[in-house]
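In case you want the letters, here they are:
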Amino acid sequence: DDDNNKKERLRRRHRRRIALLERIPPPNIATAWGPNGNLGIDIHTKIIMDAENELSYYRRMYDTKVQRIRTLKEELIALSEDASSVQDRIAMDPGDERNRAVLRDIKLDMNSVDRDLQIAQQLMSRAQENLISIEEKHFWIQHSPQAQERKQQQQEEQQEEQE
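Since the structure is predicted, the reported quantities are computational estimates derived from the model, not experimental observations. (Residues numbered from 1 in each chain as written. Predicted model: local features only at pLDDT ≥ 70, side-chain atom pairs only at ≥ 80, totals over all residues. Heavy atoms only, no water.)

Here we look at the overall build of the chain
So, step 1. A count of helical and extended segments in the chain gives 4 helices and 2 strands.
So, step 2. Helices (α) and strands (β) of the chain occur, in sequence order from the N terminus, as α-β-β-α-α-α.
So, step 3. Sequence separation of 24 or more characterises 64% of the internal contacts of the chain that already satisfy a separation of 6 or more. (Helix = DSSP H or I, 4+ residues; strand = E, 2+ residues; numbered from the N terminus. Contact = heavy atoms within 4.5 Å.)

Looking at a negative patch on the surface
So, step 1. Taken together, the side chains of Glu 75, Asp 105, Asp 109, Asp 114 and Asp 116 make up a negatively charged region of the molecular surface.
So, step 2. The element that contributes the greatest number of residues to the negative patch is helix H3 (residues 97–137), accounting for 4 residues.
So, step 3. Following the sequence through the fold, Asp 116 ends up in helix H3. (Patch = residues over 30% accessible without salt bridge, like charges linked within 9 Å, V, L, I, M, F, W, Y side chains within 5 Å. Areas by Shrake-Rupley, 256 points an atom, 1.4 Å probe, with all protein chains shown as cover. Salt bridge = Lys/Arg side-chain N within 4 Å of Asp/Glu carboxyl O. Lys, Arg positive; Asp, Glu negative; His and termini not counted. Charge placed at Lys NZ, Arg CZ, Asp CG, Glu CD.)

Focus: the packing of aromatic side chains
So, step 1. This structure, assessed with the given rule, holds 1 aromatic pair.
So, step 2. Residues Tyr 57 and Tyr 58 carry aromatic rings whose centres are separated by 5.2 Å and whose planes lie at 85° to one another, so their mutual orientation is edge-to-face.
So, step 3. For Tyr 58, a relative accessible area of 22% translates into the label partly exposed. (Phe/Tyr/Trp six-rings, centres within 6.5 Å; stacked < 30°, edge-to-face > 60°. Buried < 20%, exposed > 50% of the residue type's maximum accessible area, 1.4 Å probe, protein only.)

Description of the environment of Arg 59
So, step 1. Residue placement: Arg 59 occurs in helix H2 (residues 43–92).
So, step 2. Sequence-wise, Arg 59 and Asn 130 are 71 residues apart; in three dimensions their C-alpha atoms are separated by 9.3 Å.
So, step 3. With residues up to four places along the chain from it excluded, the contact list for Arg 59 reads Leu 131 and Glu 135.

Observations concerning the confidence of the model for the chain
So, step 1. Per-residue confidence for the chain gives a mean pLDDT of 85; residues scoring 70 or more make up 88%.
So, step 2. Within the chain, the lowest mean pLDDT, 72, falls on helix H1 (residues 2–23), and the highest, 94, falls on H3. (pLDDT = per-residue confidence, 0-100.)

With respect to the pairing of strand E1 (residues 31–34)
So, step 1. When E1 meets strand E2 (residues 37–42), the two strands line up antiparallel, connected through 3 bridges. Counterpart to Trp 33 in the pairing with E2 is Asn 38.
So, step 2. Connecting E1 to the next strand, E2, in antiparallel fashion are 2 residues. (Pairing = 2+ DSSP bridges.)

Given below as structure tokens:
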């Protein structure tokens, strides 16, 4: 039953993709217009540029969330090492209340960072779902000849900058 549901979902997705491809106007046919008039480019190029901008926005959002998780994990590791160090000092001098207070503070910080990490992971998961959804929405960019030309031009420009 799961296989049938999966196949049906794939068929629906494929039909949606075909419908999206059919809605894309051919290149160099119509001029794109905005609130201030003619944009000076054809509508196909404008659609691709808008889609690429939306994709890059969601990729940046996802990358930001991933970086935040990486930072929080590093902070948690550092706090854990600090706690271990303080615990060693407490083991050498069990009567030192100052070290116990420091350890309590470190553990509170660890709990706070751990909560922040859990929230960041949830946000990253949502950002990933959004990115996947947007990539699926704009999958046709990969199949557009004009988009492929733009991508090749961008790669050539990057290679020239590196040289």
